[in-house]
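# Summary of structural features
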Amino acid sequence: MAELTEAMGITKPSLYACFGNKEALFKKALDLYERDKLAYIGKALEAPTARGVAERLLNGAVATHCGDSDPHGCLGVISTVVCAAEADSIRADVIKRRASSEAAVVKRFEQARRDGDLPDSVCPTKLASCLTTLLQGLAVKAQGGAQPEELQGSIDTFLAMWPGR
C-alpha cells in the first residue's frame, strides 16, 4: 500500500476514502483487469464453432499472459493460488468470477452440441472444465516464466484431441 500511495501521490486515508478498504480496492482492480485484459473472452464466445471458442480463448490467454508490458500470468488465477487465509472473501470473489466465466463457456458448448457442432457424447460441462483447467495452467506457467512457444505446444496438443463429428 505504501508503494501504491507513493506512486499515486496520495495518502492512505485518501485511498481508503475513495475505495473503502484493501478488499474493495482489490475488487476494483479485478474489475478493471477483467474489462481490459480479459476482453478476449467475450469475443471468443462469439466464435462460430466450439473449437473456435477454445482456440480464441487459449490464444487470447497466451497473448494476454505473456505480454511484453504487463506481469505474466493471470491476476485471478494467481490470486486464487496465493490468497492467504485472512483473505477468504477475496478468494471467494475470485472463485465466483471464474465460475461465472466457466458457466458462460458451458452454455456456449451446450448450444454447440444442440447445433450439432459437438457430438452428443460430449458433456459440455466436462469439456468446459477441461478447457478452464488448461487456461489456468497456462496462466500459472506464464507467471513462472514459460515462453509463448512452450504454451502454444500445449494448446496445439489440446486442440488435436478436440472432439469432432
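This write-up is about the structure you can find in this document.

Criteria and cut-off values
- Residues numbered from 1 in each chain as written.
- Predicted model: local features only at pLDDT ≥ 70, side-chain atom pairs only at ≥ 80, totals over all residues.
- Heavy atoms only, no water.
- Helix = DSSP H or I, 4+ residues; strand = E, 2+ residues; numbered from the N terminus.
- Buried < 20%, exposed > 50% of the residue type's maximum accessible area, 1.4 Å probe, protein only.
- Contact = heavy atoms within 4.5 Å.
- Areas by Shrake-Rupley, 256 points an atom, 1.4 Å probe, with all protein chains shown as cover.
- Polar contact = N/O pair within 3.5 Å; in protein donor to acceptor, adjacent residues only side chain to side chain.
- Axes fitted to C-alpha atoms, helices over the stretch in contact; angles between N-to-C directions.
- Parallel < 35°, antiparallel > 145°, perpendicular 65-115°, else oblique.
- Left-handed = near helix turned anticlockwise from the far one by under 90°.
- Nonpolar A, V, L, I, M, F, W, Y, C, P; charged D, E, K, R; others polar.
- Expected span 1.5 Å × (residues − 1).
- Phe/Tyr/Trp six-rings, centres within 6.5 Å; stacked < 30°, edge-to-face > 60°.

## Some thoughts on the overall build of the protein
The secondary structure content of the protein amounts to nine helices and zero strands. Ordered by position in the sequence, the α and β elements of the protein form the string α-α-α-α-α-α-α-α-α. When each of the 165 residues of the protein is scored for burial, the buried share is 36%. Pairs at least 24 apart in sequence give 63% of the contacts found in the protein among residues at least 6 apart. Entry remark: accessible area of the protein is about 9,600 Å², with carbon and sulfur atoms responsible for 55%.

## Considerations on the environment of isoleucine 90
Within the fold, isoleucine 90 resides in helix H7 (residues 88–114). We classify isoleucine 90 as buried; its relative accessible area is 15%.

## What to know about the side chain of threonine 64
In this structure, threonine 64 sits in helix H5 (residues 50–65). On the accessibility criterion, threonine 64 (19% relative accessible area) is buried. Within polar-contact distance, the side chain of threonine 64 engages the backbone oxygen of glycine 60 at 2.9 Å.

## Some points on the packing of H5 against helix H9 (residues 148–160)
Direction vectors running N to C along H5 and H9 enclose 165 degrees, while the axes themselves pass 10 Å from each other. Considering their axes alone, H5 and H9 lie roughly antiparallel with respect to each other. Every pair of crossing elements has a handedness; the one defined by H5 and H9 is right-handed. The residues of H9 that touch H5, namely those facing Arg51, Ala54, Glu55, Leu58, Asn59 and Val62, are Pro148, Leu151, Gln152, Ile155, Phe158 and Leu159. Looking at the contact of H5 with H9, its residues break down into eight nonpolar, two polar and two charged.

## Observations concerning H5
Residues lying three or four places apart along an α-helix face the same way, a consequence of the helix completing one turn every 3.6 residues. Look at H5: 22 Å from first C-alpha to last across 16 residues, which is about the 22 Å you get at 1.5 Å a residue. Every buried residue of H5 is accounted for by Ala50, Gly52, Val53, Ala54, Leu57, Leu58, Gly60, Ala61, Val62, Thr64 and His65.

## Details of the packing of aromatic side chains
Here the structure, examined in full by the defined rule, presents two aromatic pairs. Considering the side-chain rings of phenylalanine 109 and tryptophan 162, the 5.8 Å spacing of their centres and the 70 degrees angle between planes classify their relative orientation as edge-to-face. Remark: tryptophan 162 occurs in the segment after H9 and phenylalanine 109 occurs in helix H7; sequence separation between them is 53 residues. The buried category is assigned to tryptophan 162, whose relative accessible area is 13%. Grouping aromatic residues by their ring pairs yields a cluster made of Phe109, Phe158 and Trp162.

## What about H9?
The terminal C-alpha atoms of H9 lie 18 Å apart, and with 13 residues this matches the ideal 18 Å at 1.5 Å per residue to within 8%. Of the surrounding elements, those touching the buried residues of H9 are H5 and helix H8 (124–143).

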